[in-house]
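Geometric and topological summary
Each chain, letter by letter, is given below.
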Amino acid sequence: MNRKLLLLLVAVLLAAYGMYPHLQRVLQRPARLAQAELTTLGLSRKLREGDLIFQTSQSAQSQAIQLATHSPYSHCGMLLRQGGEWQVLEAVQPVSITPMEQWVARGKNQHFVVKRLRDADQVLTPTVVRRLRDVGRRYWGKPYDLYFGWSDERIYCSELLWKVYYEATGRQIGRLQRLREFDLSHPAVQAKLRERYGKRLPLDEKVISPVRMFESPELVEVK
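Residues numbered from 1 in each chain as written. Predicted model: local features only at pLDDT ≥ 70, side-chain atom pairs only at ≥ 80, totals over all residues. Heavy atoms only, no water.

**Considerations on the overall build of the protein chain**
In terms of helices and strands, the protein chain carries ten helices and eight strands. In the protein chain, which comprises 223 residues, the share counted as buried stands at 50%. The contacts in the protein chain between residues at least 6 apart in sequence include a share of 70% that link residues at least 24 apart. As displayed, the protein chain offers around 11,200 Å² of accessible surface, 52% of which is attributable to carbon and sulfur atoms. (Helix = DSSP H or I, 4+ residues; strand = E, 2+ residues; numbered from the N terminus. Buried < 20%, exposed > 50% of the residue type's maximum accessible area, 1.4 Å probe, protein only. Contact = heavy atoms within 4.5 Å. Areas by Shrake-Rupley, 256 points an atom, 1.4 Å probe, with all protein chains shown as cover.)

Right under this line is the structure:
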């Protein structure tokens, strides 16, 4: 889409939603970020803190994750409201929060899906939301776990969300698996495993994948 037309559409939508303070900032953004703002705008008023957001990452390891888990979703984060803006708590290098439009812009085709605890109205009280934030904050600055171990010293994206929810609410979002349960047959997956582990694969390591969380009956899609 032509950048000027794209920015005009964003401006019109911001005005329609009464979000004038955002207007000047968006008009100064690169087209990709402006497009991400446009992509997220229609959903933004439906979002709640604690919602989980999924995308297809364009990182070097994303293909291997997709092949091993048979799912396009290879990265995920948790939505938080900070300074009046939607942010994504995510395990990258290191664990940190990222403005939602930047997070969306990084994903393949800027596609994302937001999911919410099925009984969020009853469970995610203001007190529990504060607990989610506090637990998440304890992980800020932790290094990313390239080896997908289950310790808290290093942490990967779906592990972060699973542990935050479990510690804050007692709910298990997604079934834990062992590494041996994944499809490790594809050459791209095997190459990534050799790069990370050499010949000693931790096949009994506890793992939670993005797709197991995505498919959890504990969650419903936000549309």
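The rest of the description comes next.
**Description of the packing of helix H7 (residues 126-139) against helix H8 (residues 157-169)**
For the pair H7 and H8, interaxial distance at closest approach is 9 Å and the crossing angle is 135°. Viewed along their axes, H7 and H8 adopt a mutual orientation that is oblique. Considering only the axes of H7 and H8, their crossing is right-handed. Residues Val 128, Arg 131, Leu 132, Val 135, Gly 136, Arg 138 and Tyr 139 of H7 lie in contact with H8, whose contacting residues are Leu 160, Lys 163, Val 164, Tyr 165, Glu 167, Ala 168 and Thr 169. Residues belonging to the contact of H7 with H8 are distributed by class as follows: eight nonpolar, two polar and four charged. (Axes fitted to C-alpha atoms, helices over the stretch in contact; angles between N-to-C directions. Parallel < 35°, antiparallel > 145°, perpendicular 65-115°, else oblique. Left-handed = near helix turned anticlockwise from the far one by under 90°. Nonpolar A, V, L, I, M, F, W, Y, C, P; charged D, E, K, R; others polar.)

**Focus on helix H4 (residues 62-69)**
When we look at burial in H4, the residues that qualify are Ser 62, Ala 64, Ile 65, Ala 68 and Thr 69. Looking straight down H4, one finds that the buried residues subtend no more than 165° of arc, so they occupy a single side. (Arc of directions from axis to C-beta.)

**A closer look at the pattern of salt bridges**
A side chain with one charge can pair with a side chain of the opposite charge if their charged atoms come near. For the structure on display, the rule yields 17 salt bridges. Linking Glu 215 and Arg 212 is a salt bridge whose minimum nitrogen-to-oxygen distance equals 2.6 Å. What you see here is one network of salt bridges that share partners, running through Arg 118, Asp 119, Arg 171 and Glu 218. (Salt bridge = Lys/Arg side-chain N within 4 Å of Asp/Glu carboxyl O.)

**Description of the packing of H4 against helix H9 (residues 187-197)**
One can describe the packing of H4 onto H9 by two numbers: an axis separation of 9 Å at closest approach and a directional angle of 120°. Between H4 and H9, the angle is such that the two are oblique. Crossing handedness for the pair H4 and H9: left-handed. Contact with H4, carried on its side by Gln 63, Ala 64, Leu 67 and Ala 68, involves Ala 188, Val 189 and Lys 192 of H9 and no other residues of that element. The residue makeup of the contact of H4 with H9, split by class, is five nonpolar, one polar and one charged.

**Details of the sheet that holds strand E8 (residues 219-221)**
If you walk across this open sheet you meet the six strands as E4-E3-E2-E1-E5-E8, and the pairing is antiparallel. Of all strands in the sheet, those bounded by a partner on one side alone are strand E4 (95-99) and E8. Pairs of neighbouring strands in the sheet enclose a mean axial angle of 35°, with direction left out of account. On top of the sheet, H7 reaches strand E2 (75-82), strand E3 (85-91) and E4; it is set at about 120° to E2, its chief contact. (Pairing = 2+ DSSP bridges.)

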